[in-house]
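# Tertiary structure, described
Letter by letter, the chains look like this.
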Amino acid sequence: MTSTHSASSSPSRAGAAMTDSSHAPGADTGAAKRAKTSGLTDDSAGMSYLDSLPRRLITVMLPLLVFVFVLLFPFYWMAITAIKPNYQLTDYANYSPLWVVGPTLDHIKYLLFETTYPYWLWNTLYVSFAATAISLVASVFAAYAIERLRFKGSRWVGLGIFLAYLVPPSILFIPLALMVFKLGIYDSKLALIFTYPTFLVPFSTWLLMGYFRSIPYELEECALVDGASRWQILIKVLLPLSIPGLISAGIFSFTLSWNEFIYALTFIQSSENKTVPVGVLTELVRSDVYEWGSLMAGALIGSLPVVILYSFFVDYYVSSMTGAVKE
Amino acid sequence: MATVDIRAVTKAYGSTPVIHGVDIDIHDGEFVVLVGPSGCGKSTLLRMIAGLENISGGEIRIGNRVVNEVPPKERDIAMVFQNYALYPHMTVGANMGFSLKLRKAPKAEIDARVNRAAGILGLSHLLDRFPRQLSGGQRQRVAMGRAIVRDPQVFLFDEPLSNLDAKLRVQMRTEIKELHQRLKTTTVYVTHDQIEAMTMADKIVVMHDGVVEQIGAPLDLYDQPANQFVAGFIGSPSMNFIKGKVQVNGTAAFVTPSGAKFPLDRVPEGAVGKDAIYGLRPEHVRIDPQGVPVEIVVVEPTGSEILAIVRVGEQEIACLFRERLSLAPGETIHISPQPGMTHLFDAVSGQRL
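Residues numbered from 1 in each chain as written. Chains lettered and ligands numbered in written order. Predicted model: local features only at pLDDT ≥ 70, side-chain atom pairs only at ≥ 80, totals over all residues. Heavy atoms only, no water.

### Remarks on the overall build of chain A
Basically, it comes down to this: Only DSSP runs of H or I reaching four residues or more are called helices, and only runs of E reaching two or more are called strands; each is numbered from the N terminus. Relative accessibility under 20% of the residue-type maximum defines a buried residue, over 50% an exposed one, and the middle range a partly exposed one, all with a 1.4 Å probe and only protein chains included. Whether two residues are in contact is decided by their heavy atoms, any of which lying within 4.5 Å being enough. Each accessible area is a Shrake-Rupley result for a 1.4 Å probe, and residues are judged covered by the shown protein chains and nothing else.
Regarding its fold elements, chain A presents 15 helices and 2 strands. Burial status across chain A gives 37% buried among its 327 residues. Within chain A, contacts between residues at least 6 apart in sequence are counted, and of these 73% link residues at least 24 apart. In the structure as shown, chain A presents an accessible area of about 18800 Å², 71% of it carried by carbon and sulfur atoms.

Put into structure tokens, the structure is as follows:
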């Protein structure tokens, strides 16, 4: 389909170039001028209602500002709380809650040097990477088999995987806990690395199935005729074309693992094996004492890696959501 | 190079048969075109030769080997797909060398063969580009280059020109024909365009609803269509079919319900007095003062020729004149068929009489 489109678009481009060049010599300057002015006072409708400034402010800028404010305010709150001295934290009468006087790094110092926070960060990173890698490999095979091998009942398997994704973790953790105990991996990183794929694999499989579907079937048939085996088709043709899909599945998996809470809470007991979301909440809240400063510092630092990851791959991520393979 | 023998091949999807027992002999080095309207099973047949579809019954031989159960990669064929199916993430050179690389050919040999194929097709300066940077015609050539590089026993083309614009299509048609004359590799070419079939083929196979209607050289099909379907499919503008009866009243003639009499070249046995279909190609109609009077309905001049639609009774006939005639709608002219250029078909079975 894409090739049809591009094939038909090239002559039209040539046509456009021709009309351009016919204007260029300026033999008929009057016509050229007319063309120019009509270009300026284009009375066509479409998006031009956005042109006047006051309208733009109200229809575009204002909603955008509200949106951005709603999204970013929690981060701002986290950031200022993390550097507020303790005496300012709840004293709204004497200090503005929206501003900091005499910022301090005490909370961050406490977090990094007097708690096991660095361990949590490392654990989260380690578990997220391992779980993501396992899930991606499994999902590639699953998605390829369901989407392209078309075995009997492949549709039902696809549906089954999707349904598995719908089982909430708060129910699934009970049988999983049993398995984790029996396998003897309770309170270790392995407990999380092996349980996270229960929700990552269905999700990534579903995403990759959609992506594989967008790759023309002829490419695979052509590779078959060219003498490639199924394995070679997967490695040399399909995967190189699925990189955007793999990246977005990877980012999603990584984020989901990074933020996972229930399994990390139930399967990990010792302080140095905890992940960031669980650690921050269980170790920095002592009965009814909330260490707000360190809590917020922990949350802020904990969210940075995901932000960085997203910002690097945002292009791939968007293209995999919107598009197919362009030939 | 090899022969391809197709013997009583059938294909069914579930319980729906799509190809009903097809027999085709393809000789070594022959250019065979499978042609027919969409849904006639020609692409399915090609894909069965390629090994991309299972064969439900019968047998296909490439060379002397039955390939029914042989996977595509061991059939020693190369296929050009309708949308080219170039690997978007590989350069032109890598695309062309991919099959050799899979066979683990030495790099020097791959380069030599890719360069040779690129030279033949005029792609040498494009080897480092990616498919998305090429025009439609160039992509088409790369797809052919990929087939040439392999030096296979059989080339398979699946409507390779249908994504090109009309002008390029004519040019590529010539190029493919030249290529075949040069390489002399057995070729099976699928198209729905009868002009492509006529211009390129050594042998045309006309298919319709999963059945072979006729096999023959292009001009044989044009001159001696076996049935009404082939007669209507081959040739452009397509043949006129006039309903009427064969009558012998002194001289034998074909008489339409409105009483117009067309001359017959010969009177087939047992056709006298029966309903029949009179086939007359538009280009075989000529002005003849002694001919059948007809009324002009529409005149379409194209410069080199004039297409006129005329009416005989309730039936319309297309006529193609190479002369610059001044014709106007509503006028009456007299026409007659060129002698020896008429066809007669059975009104029921559509078979040639």
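### Let's talk about the overall build of chain B
The condition is simple: A positive count includes Lys and Arg, and a negative count includes Asp and Glu. His and the chain ends are not counted in either. Where a charge sits is defined by one atom per residue type, namely NZ (Lys), CZ (Arg), CG (Asp) or CD (Glu).
Counting secondary structure elements, chain B contains 8 helices and 19 strands. In terms of its C-alpha atoms, chain B occupies a principal-axis envelope of roughly 80 × 45 × 35 Å. For chain B, with 353 residues in total, the buried portion stands at 52%. Long-range pairs, those at least 24 residues apart, make up 66% of the contacts in chain B with a sequence separation of at least 6. Summing over all exposed atoms, chain B offers an accessible surface of approximately 15400 Å²; the carbon and sulfur share of this is 50%. Taking the 38 positively charged and 39 negatively charged side chains of chain B as two groups, their mean positions are separated by 7 Å.

### Examining the environment of B:Gly250
Residues and elements named next belong to chain B. Counting through the fold element by element, Gly-250 comes out in the loop between strand E11 (240-249) and strand E12 (251-255). On the basis of relative accessibility, which here comes to 78%, the residue Gly-250 falls in the exposed class. Once the C-alpha coordinates of Gly-250 and Glu-59 are considered, the two residues, 191 residues apart in sequence, prove to be 54 Å apart.

### Things to note about the confidence of the model for chain B
Do not read the predicted coordinates in detail wherever pLDDT is low. Defined as follows: Confidence scores per residue from the predictor, reported as pLDDT, run from 0 to 100.
Averaged over every residue, the pLDDT of chain B is 92; residues scoring 70 or more account for 100%. Per-element averaging of pLDDT across chain B places E12(B) at the bottom with 85 and strand E3 (residues 31-35) of chain B at the top with 96.

### A closer look at the UniProt feature "transmembrane region" (unreviewed entry) in chain A
Rules: UniProt positions are given in the numbering used here, feature names are shortened, and annotations may be inferred rather than shown by experiment.
Mapped onto this numbering, the UniProt entry gives "transmembrane region" (unreviewed entry) at residues 57-79, 119-144, 156-178, 190-212, 233-256 and 295-318 of chain A. Here residues 233-256 of chain A is 96% helix and 0% strand, with 30 Å between the C-alpha atoms at its ends.

### Considering helix H12 (residues 243-259) of chain A
What counts, and what does not: Expected helix span is computed as 1.5 Å times (number of residues minus one).
Counted at 1.5 Å a residue, the expected span for H12(A) with its 17 residues is 24 Å, and the 24 Å between its end C-alpha atoms agrees. Taken across its 17 residues, H12(A) has 14 buried, putting it largely inside the fold.

### A word on the sheet that holds E11(B)
Residues and elements named next belong to chain B. Just so we agree on the cut-off: A pair of strands is labelled paired if DSSP reports no fewer than 2 bridges between them. Note on method: axes are straight lines fitted to C-alpha atoms, helices fitted across the in-contact stretch only, with angles between N-to-C directions ranging 0 to 180 degrees.
Taken in spatial order, the 5 strands line up as E13-E12-E11-E14-E19 in an open sheet, and their pairing is antiparallel. Among the strands making up the open sheet, the edge pair consists of strand E13 (261-263) and strand E19 (342-346). Direction aside, neighbouring strands of the sheet carry axes that sit 45° apart on average. In this structure, E12 lies alongside E13, joined through 3 bridges in antiparallel fashion. Bridge pairing in E13 links Phe-254 to Phe-262.

### What about the packing of aromatic side chains?
Given two aromatic rings, one states the distance between the centres and the angle between the planes to describe the pair. Residue and element names in this part refer to chain A. Quick reminder of the rule: Stacked, tilted and edge-to-face are the three classes assigned to paired rings of Phe, Tyr and Trp, where Trp is represented by its six-membered ring and a pair needs centres within 6.5 Å; plane angles under 30 degrees give stacked, over 60 edge-to-face, the rest tilted. For a Lys NZ or an Arg CZ to count as sitting over a ring, it must be within 6 Å of the ring centre and within 35 degrees of the ring normal.
Across all of its chains, the model carries 26 aromatic pairs over all chains by this definition. With 5.7 Å between their ring centres and 50° between their planes, Tyr-196 and Phe-199 make a pair best called tilted. With a relative accessible area of 0%, Tyr-196 lands in the buried category. Cluster of aromatic residues (ring-pair linked, three or more members): Phe-69, Phe-73, Tyr-76 and Trp-77. Geometry around Tyr-126 places Lys-189 over its ring, the cationic atom sitting 5.2 Å from the centre.

### Focus on the domain arrangement of chain B
Residues and elements named next belong to chain B. Here is the rule we go by: Domain borders in the structure are assigned automatically or taken from a domain database. What gets called buried area is simply the loss in accessible area from a 1.4 Å probe that two parts show on being joined, summed for both. The salt bridge criterion pairs a side-chain nitrogen of Lys or Arg with a carboxyl oxygen of Asp or Glu, the two atoms within 4 Å. Any N or O atom pair separated by 3.5 Å or less is treated as a polar contact, with the protein-specific requirement of one donor-capable and one acceptor-capable atom, and with residues adjacent in sequence counted only for side-chain atom pairs. When residues are sorted by character, Ala, Val, Leu, Ile, Met, Phe, Trp, Tyr, Cys and Pro go into the nonpolar class, Asp, Glu, Lys and Arg into the charged class, and all the rest, Gly among them, into the polar class.
Taken domain by domain, chain B comprises domain 1 (4-233) and domain 2 (240-346). Summarising the inter-unit geometry, the C-alpha centres of domain 1 and domain 2 are found 39 Å apart. Listed by partner, the interface residues are 8 residues for domain 1 and 7 residues for domain 2. Carbon and sulfur atoms supply 56% of the area buried between domain 1 and domain 2, which totals about 670 Å² over both sides. The three residues of domain 1 that bury the most area against domain 2 are Tyr-222, Gln-228 and Ala-231, which together make up 74% of that side's buried surface. For the pair domain 1 and domain 2, the number of links is 0 salt bridges. At the boundary of domain 1 and domain 2, one finds 2 residue pairs in polar contact (both at pLDDT 80 or more). Within the residue set of the side of domain 1 that touches domain 2, elements represented by two or more residues are helix H7 (218-223) and helix H8 (228-233). Of the residues belonging to the side of domain 1 that touches domain 2, the class tally is 4 nonpolar, 3 polar and 1 charged.

### Remarks on the domain arrangement of chain A
Residue and element names in this part refer to chain A. In terms of domain boundaries, chain A breaks down into domain 1 (50-104) and domain 2 (110-322). Here the C-alpha centre of domain 2 lies 32 Å away from the C-alpha centre of domain 1. Listed per partner, the contact involves 6 residues of domain 1 and 7 residues of domain 2. Summed over both partners, the interface of domain 1 with domain 2 comes to about 580 Å²; 87% of that surface belongs to carbon and sulfur atoms. Seen at the junction of domain 1 and domain 2, the total is 0 salt bridges. When its residues are assigned to classes, the side of domain 1 that touches domain 2 shows 5 nonpolar, 1 polar and no charged.

### Thoughts on the UniProt feature "domain: ABC transporter" (unreviewed entry) in chain B
Here the UniProt-annotated "domain: ABC transporter" (unreviewed entry) positions come out as residues 4-234 of chain B. From the first C-alpha to the last, residues 4-234 of chain B spans 24 Å; its make-up is 38% helix and 26% strand.

### Concerning the nonpolar core
Note on soluble globular proteins: their nonpolar side chains tend to be buried together. Test applied: Only buried residues count toward a nonpolar core. Its members are Ala, Val, Leu, Ile, Met, Phe, Trp, Tyr and Cys residues joined through side-chain atoms within 4.5 Å.
Counting residues in each nonpolar core, the largest one holds 62 residues, and the members touching the most others are B:Ile6, B:Leu45 and B:Leu156. Those residues in contact with B:Ile6 that lie beyond four places of it in its chain are B:Val22, B:Asp23, B:Ile24, B:Leu45, B:Ile49, B:Glu59 and B:Ile60.

### Focus on unusual backbone geometry
Leaving glycine out, the prevailing phi sign among residues is negative, and the prevailing peptide bond configuration is trans. Residue and element names in this part refer to chain B. Looking along the chain, the bond that leaves Ser-236 and enters Pro-237 is cis, with omega of -5°. Mapped onto the elements, Pro-237 comes out in the loop between H8 and E11. Its identity as a non-glycine residue notwithstanding, Asp-151 has a phi of 50°, on the positive side. Here Asp-151 lies in the loop between helix H4 (136-150) and strand E7 (154-158).

### So, the confidence of the model for chain A
All names here are of chain A. For chain A, the mean per-residue pLDDT works out to 81, and 82% of the residues sit at or above 70. When the elements of chain A are averaged for pLDDT, helix H1 (residues 2-23) gives the smallest value, 39, and helix H5 (residues 117-149) the largest, 94. Every residue in residues 1-39 scores below 50 in pLDDT, and together they form 10 contacts with partners more than four places removed in sequence or on other chains.

### A look at the interface of chain A and chain B
At the interface, 24 residues of chain A touch 24 residues of chain B. Note on chain A versus chain B: buried area summed over both sides is about 2300 Å², and carbon and sulfur give 61% of it. Between A:Asp226 and B:Arg150 there is a salt bridge whose closest N-O contact spans 3.8 Å. Taken together, chain A and chain B are joined by 6 residue pairs in polar contact (both at pLDDT 80 or more). Contributing elements (two or more residues each) for the side of chain A that touches chain B: H1, helix H10 (217-226) and helix H11 (230-241) of chain A. In terms of residues, the side of chain A that touches chain B owes the most to one element, H10(A), which gives 8 residues. Residues belonging to the side of chain A that touches chain B are distributed by class as follows: 12 nonpolar, 6 polar and 6 charged.

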